[in-house]
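Here are the chains, one letter per residue:
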Amino acid sequence: MKPIIAANWKMNLALEDARELSSGIESVAQINSDIEVIIAPPSCFLTEVGSRLNGAALSAQTISEFESGAYTGEVSAKMIKSCNAKFTLLGHSERRHVFFETNQMIKEKLEQCKRYQITPILCVGETLEERNAGQLKTVIANQLDVVAQYDEIFYIAYEPVWAIGTGETATPEMADKAHQFIKNIIGEGIPILYGGSVNSGNIDGLLTMPNIDGALVGGASLKLDEFTKMIEIAAQIERVSNEKV
């Protein structure tokens, strides 16, 4: 399995910034073809960013649970498919906690992914209060319930809420333990990414853990030098791994 480095730009950048950043990432992605690179720009930039990608793949940040209709401001799976997006994030903690996205809504979004052959990247993770209360496994198991009957390809991103955009990150051992728990539920062969203040200084330690298949990068993905350095680090880890086989 290739290491996966995914960029979530969230609600950032202007169009010219998106053009420049995506072109720079694409150049590095083509050189490092042993890494699966995914870029999730704001929806209004999907077509423009996608037109610059070949070595990297395009992702939406979310989709509507509805296929079409009078849902002002929403973006459908059909729309992102027509922009050549192959992936979409689903259930990101900001969608759950800021926009009150529920498991039922995510299940309906998964049906849209299935209908339009979009690969979902399901985000799961606990708050600091839930972790401190010993509820990590209960919370994650509940969030993973949405894919219990999902029979298409999907990815998982484990993002402890307390580590997103805070500068804090789970230790590699903490993250790997959570990934192992997720793997015990969903089985082998499904990529599990770690997200939560990932940067070039900590990605090496994370990707060398046995159950961490890649990274979902937020703020650091907005800086070309930083993000491309992360891709290059991941590529080196893979080459070393291949040499040992």
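Our subject is the structure that appears above.
Draft legend 1. Examining the overall build of the chain more closely. Within the chain, the regular secondary structure consists of 10 helices and 8 strands. Relative to its length of 245 residues, the chain is compact, with a C-alpha radius of gyration of 17 Å against a globular reference of 18 Å. Expressed as lengths along the three principal axes of its C-alpha atoms, the size of the chain is roughly 55 × 45 × 30 Å. Buried positions account for 53% of the 245 residues belonging to the chain. Taking as baseline every contact in the chain between residues at least 6 positions apart, the subset at least 24 positions apart corresponds to 73%. Entry remark: accessible area of the chain is about 11500 Å², with carbon and sulfur atoms responsible for 50%. The average position of the 21 basic charges and that of the 32 acidic charges among the side chains of the chain differ by 3 Å.

Draft legend 2. Molecular detail of the state of the cysteines. Tallied over the entire structure, the rule returns 0 disulfides. This cysteine, Cys-44, is not joined by any disulfide, and Cys-83 carries the nearest cysteine sulfur, 11 Å off. There is no disulfide at Cys-113, and the cysteine sulfur nearest it, in Cys-123, is 12 Å away. Owing to a relative accessible area of 0%, Cys-113 belongs among the buried residues under this scheme.

Draft legend 3. The arrangement of the nonpolar core in detail. Judged by nonpolar contacts, the single largest core of 67 residues is most densely connected at Ile-5, Leu-122, Ile-156, Ile-182, Tyr-194 and Phe-227. Looking at this core, the element that brings in the most residues is helix α10 (residues 224-244), giving 7 residues. By size, the runner-up hydrophobic cluster in this structure holds 12 residues, among which are Ile-4, Ala-6, Cys-123 and Tyr-155.

Draft legend 4. A look at the sheet that holds strand β5 (residues 119-124). Spatial ordering of the closed barrel is given by β1-β2-β3-β4-β5-β6-β7-β8, a layout of 8 strands whose pairing is parallel. Taken over all neighbouring pairs, the strand axes of this sheet differ in orientation by 25 degrees on average, direction set aside. Examined bridge by bridge, strand β4 (residues 87-90) and β5 share 4 bridges and lie parallel to one another. The partner of Phe-87 across the bridge, within β5, is Thr-119. Set on the sheet, helix α8 (residues 172-186) makes contact with β5, β6 (155-158) and β7 (192-195); between it and β7 the angle comes to about 145 degrees.

Draft legend 5. Quick peek at the packing of helix α7 (residues 136-144) against α8. Interaxial distance between α7 and α8 falls to 11 Å at its minimum, and their mutual angle equals 40 degrees. With respect to each other, α7 and α8 are oriented oblique. Between α7 and α8 the crossing geometry is right-handed. Facing Lys-137, Ile-140, Ala-141 and Leu-144 of α7, the residues of α8 in contact are Phe-181, Ile-182, Ile-185 and Ile-186. Considering only residue class, the contact of α7 with α8 consists of 7 nonpolar, no polar and 1 charged.

What counts and what doesn't
Residues numbered from 1 in each chain as written. Predicted model: local features only at pLDDT ≥ 70, side-chain atom pairs only at ≥ 80, totals over all residues. Heavy atoms only, no water. Helix = DSSP H or I, 4+ residues; strand = E, 2+ residues; numbered from the N terminus. Rg over C-alpha atoms; globule rule 2.2 N^0.38 Å. Buried < 20%, exposed > 50% of the residue type's maximum accessible area, 1.4 Å probe, protein only. Contact = heavy atoms within 4.5 Å. Areas by Shrake-Rupley, 256 points an atom, 1.4 Å probe, with all protein chains shown as cover. Lys, Arg positive; Asp, Glu negative; His and termini not counted. Charge placed at Lys NZ, Arg CZ, Asp CG, Glu CD. Disulfide = S-S within 2.5 Å. Core = buried A, V, L, I, M, F, W, Y, C linked by side-chain atoms within 4.5 Å. Pairing = 2+ DSSP bridges. Axes fitted to C-alpha atoms, helices over the stretch in contact; angles between N-to-C directions. Parallel < 35°, antiparallel > 145°, perpendicular 65-115°, else oblique. Left-handed = near helix turned anticlockwise from the far one by under 90°. Nonpolar A, V, L, I, M, F, W, Y, C, P; charged D, E, K, R; others polar.

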